[in-house]
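# An overview of the molecular structure
Each chain, written out:
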Amino acid sequence: MSRQYETVIGLEVHVELATKTKIFCSCSTEFGGAPNTHTCPVCTGMPGSLPVLNKKVVEYAMAVGLATNCQITRHCKFDRKNYFYPDNPQNYQISQLYAPICRNGYVEIETESGSKKIGIHEIHMEEDAGKLIHDEWEDCSLVDYNRSGVPLIEIVSEPDMRSAEEVIAYLDKLRLIIQYLGASDCKLQEGSMRADVNLSVREVGAKEFGTRTEMKNLNSFKAIGRAIEGERARQIELLEEGKQVIQETRRWDDNKEASHAMRSKEDAQDYRYFPEPDLVPVDISEEWIEEVRSRQPELRTEKLVRYKEEFDIPEYDAKILTSSKQMADLFEAATALCGKPKKVSNWLMVETMRLLKENGQEPEDLKFSPEHLAKLVELADAGTINSTVAKEVFEHIFYDDIDPEAYVEEKGLKTVNDEGALRETIERVIAANPQSVADYKGGKEKALGFLVGQTMKEMKGKANPGMVNQILKELL
Ligand SMILES: [Zn+2]
């Protein structure tokens, strides 16, 4: 291939906000209720019903805007985006086109090639649609309006990204900011964070952008990476064959690792946007912005610095501990209880990460309490249980959040430090393994390890390994 191509990518990211109630009514936003139980005349689009804006939605949107260096629009308004689809009972969506709440921001991302600013064009507030269920009944589709009216923000980036690596770094940055703010749990798999990728290619050095396509249905970072590679290759192939890229929306099928056209891409005029007549504009005062700003929690960048200073933790560890809010919260709470940051960190970095990986889970899925982790650290530190037993107990904490003190007591797992009992067992082991004893005496160090192992087995793993070694050597 003689020509060199550059990929240009912009993202539209939808995030479901963690409010208790919907954006324009007081129905619950809770996930998973029986179909159409979290509904009322407003969120099912009944004629004559009127929307009332949820203040918390505005505050979450402002918080995300402030954390991403945006300007807050002091006089912001809602608009109607008109389209017909069965999951949208009003036949329009209340969104923002002309005066979105946040504009002109950026986030800084880190990749192999250093740090880079990704511009944020705007963030707007809107309502989610319901959900169509196609496969439960033959011959018909069902609709569940529980999700209709759940608040969303849409974060629209500038076309500043050039690779899948940059896209993933950007999404990860947004996810962490929003999670730390408590504005959403941002789970791609569950759809509380959704990314649409706008992608075009152009020859290196070209000033104009190429024709872009939009890809939907991307529900993991890996799928996003594969979709970007796939679409880039598809567009370059078209251009190399002298064909044109058509502006359209494409659906990525991650199983087939291919995309197919869904529909030709709509422009804003296709939606006949007009100012929402049922809602007054929102005037945002300087005081309100300052109030939201003053309530911003410590974000990841600040936490990273503090962990290194306050807890004397290496950069690498601090990065993993802060890679999810759930993990950082656990770390801080357990450390506050036992005062042993390095030990708490070790349990999270090693055993916790191992078990998460083994179960295909994310740190957001962690459900054990900091109290139980802190108790385990103390039990192990005091020598009440040895490291093998500690690992076993930790697995029960990880899965069932058991109380390690009660568990150790109940199962009789305390380390035996009673010299008399140990001595007795070791004498029995020595008597039963004359060959190993002879080997050891003949200079085979390995034979000692075998005898230690036999003793631990006899003691059901509860012996103090230091003492076993010492007594064995003494008796031999
Ligand atoms: Zn409702």
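Quick caveat: nothing in here was measured; it's all calculated off a predicted structure.

With that settled, consider the overall build of the protein. Summing up its helical and strand segments, the protein has 15 helices and 16 strands in all. Once the C-alpha set of the protein is aligned to its principal axes, its extents read approximately 90 × 60 × 55 Å. In the protein, the proportion of contacts linking residues at least 24 apart, taken out of those at least 6 apart, comes to 70%. Accessible area for the protein stands at about 24100 Å²; split by element, carbon and sulfur atoms hold 50% of it. Counting 61 positive and 83 negative side-chain charges, the protein places the centres of these two groups 2 Å from one another.

Moving on: the environment of E110. Examined against the element boundaries, E110 turns out to sit in strand β6 (residues 102-111). Assessed through its relative accessible area of 61%, E110 is described here as exposed. Measuring from C-alpha to C-alpha, the distance between E110 and Y399 comes to 34 Å, with 289 residues separating the pair along the chain. When neighbours within four sequence positions are excluded, E110 is seen to be in contact with S115 and A169.

Only C25 (SG), C27 (SG), C40 (SG) and C43 (SG) from the protein coordinate the zinc ion, and they sit 2.3 to 2.4 Å from it. Positions of the donor residues of the zinc ion, expressed as sequence spacing, correspond to C-x1-C-x12-C-x2-C.

Glancing now at the side chain of T19. Relative to the elements of secondary structure, T19 occurs in the loop between β1 (5-16) and α1 (55-67). The class for T19 is buried, based on a relative accessible area of 5%. Only 2.7 Å separates the side chain of T19 from the backbone oxygen of T21, close enough to count as a polar contact. Those residues in contact with T19, other than ones at most four positions away along the chain, are T29, N54, K56, V57, Y60 and P151.

This next bit is on the sheet that holds strand β5 (residues 92-95). One open sheet holds the three strands; their spatial order is β5-β4-β15, and the pairing between them is antiparallel. Of all strands in the sheet, those bounded by a partner on one side alone are β5 and β15 (274-275). In this sheet, β15 lies alongside strand β4 (residues 79-82) in antiparallel orientation, the contact comprising two bridges. Looking across to β15, one finds that D79 is bridged to P275.

A separate point is the pairing of strand β7 (residues 114-127). One ladder, built from nine bridges, connects β6 with β7; its direction is antiparallel. Paired with I109 across the bridge in β7 is K116. Between the end of β6 and the start of β7, which pair antiparallel, lie two residues. Across seven bridges, the pairing between β7 and strand β10 (residues 151-157) is antiparallel. Its bridge partner lying in β10, E127 is registered against P151.

Within the fold, E59 resides in helix α1. With near-sequence residues (within four places) excluded, E59 lies in contact with W288, V292 and R295.

Taking 1.5 Å as the rise per residue, helix α5 (residues 300-311) with 12 residues should run 16 Å; its terminal C-alpha atoms sit 15 Å apart, in good agreement. All of the buried residues in α5 are K303, L304, Y307 and F311. All buried residues of α5 project into a common sector of 105° when viewed along the axis, lining one side. The elements touched by buried residues of α5 are α2 (164-181), α6 (315-321), α7 (325-338) and α8 (341-358). Directly beyond the C-terminal end of α5, a positive phi value near 55° is found at D312.

Annotation of the protein at the domain level lists domain 1 (5-288), domain 2 (298-411) and domain 3 (419-475). Placing the centre of domain 2 and that of domain 3 at their C-alpha centroids yields a distance of 33 Å.

Most of β1 sits out of view: 11 of its 12 residues are buried. Taken together, the 11 bridges between β1 and strand β11 (residues 193-203) define a ladder with antiparallel strand orientation. Bridged to E6 within β11 is R202. As defined by bridge partners, β1 adjoins β10 across five bridges and the pair is classed as antiparallel. Counterpart to V15 in the pairing with β10 is I153.

Once that is clear, we can look at α2. With 18 residues, α2 should reach 26 Å at 1.5 Å per residue; the first-to-last C-alpha distance of 26 Å fits that figure. Taken across its 18 residues, α2 has 14 buried, putting it largely inside the fold. Directly beyond the C-terminal end of α2, a positive phi value near 75° is found at G182.

V13, I155, Y170 and I284 are the most contacted members of the largest nonpolar core, which totals 109 residues. Two domains share this core, each providing at least three of its residues, namely domain 1 (5-288) and domain 2 (298-411). Ignoring any residue separated from it by four or fewer positions in sequence, one finds I284 in contact with V58, M62, I72, T73, R74, C76, I101 and I289. V416, L422, I426 and L451 belong to the second-largest nonpolar core, a separate cluster that totals 18 residues.

Conventions used here
- Residues numbered from 1 in each chain as written.
- Predicted model: local features only at pLDDT ≥ 70, side-chain atom pairs only at ≥ 80, totals over all residues.
- Heavy atoms only, no water.
- Helix = DSSP H or I, 4+ residues; strand = E, 2+ residues; numbered from the N terminus.
- Contact = heavy atoms within 4.5 Å.
- Areas by Shrake-Rupley, 256 points an atom, 1.4 Å probe, with all protein chains shown as cover.
- Lys, Arg positive; Asp, Glu negative; His and termini not counted.
- Charge placed at Lys NZ, Arg CZ, Asp CG, Glu CD.
- Buried < 20%, exposed > 50% of the residue type's maximum accessible area, 1.4 Å probe, protein only.
- Donors = N, O, S within 2.8 Å, 3.2 Å for Na, K, Ca; no water.
- Polar contact = N/O pair within 3.5 Å; in protein donor to acceptor, adjacent residues only side chain to side chain.
- Pairing = 2+ DSSP bridges.
- Expected span 1.5 Å × (residues − 1).
- Arc of directions from axis to C-beta.
- Domains from an automatic or database assignment.
- Core = buried A, V, L, I, M, F, W, Y, C linked by side-chain atoms within 4.5 Å.

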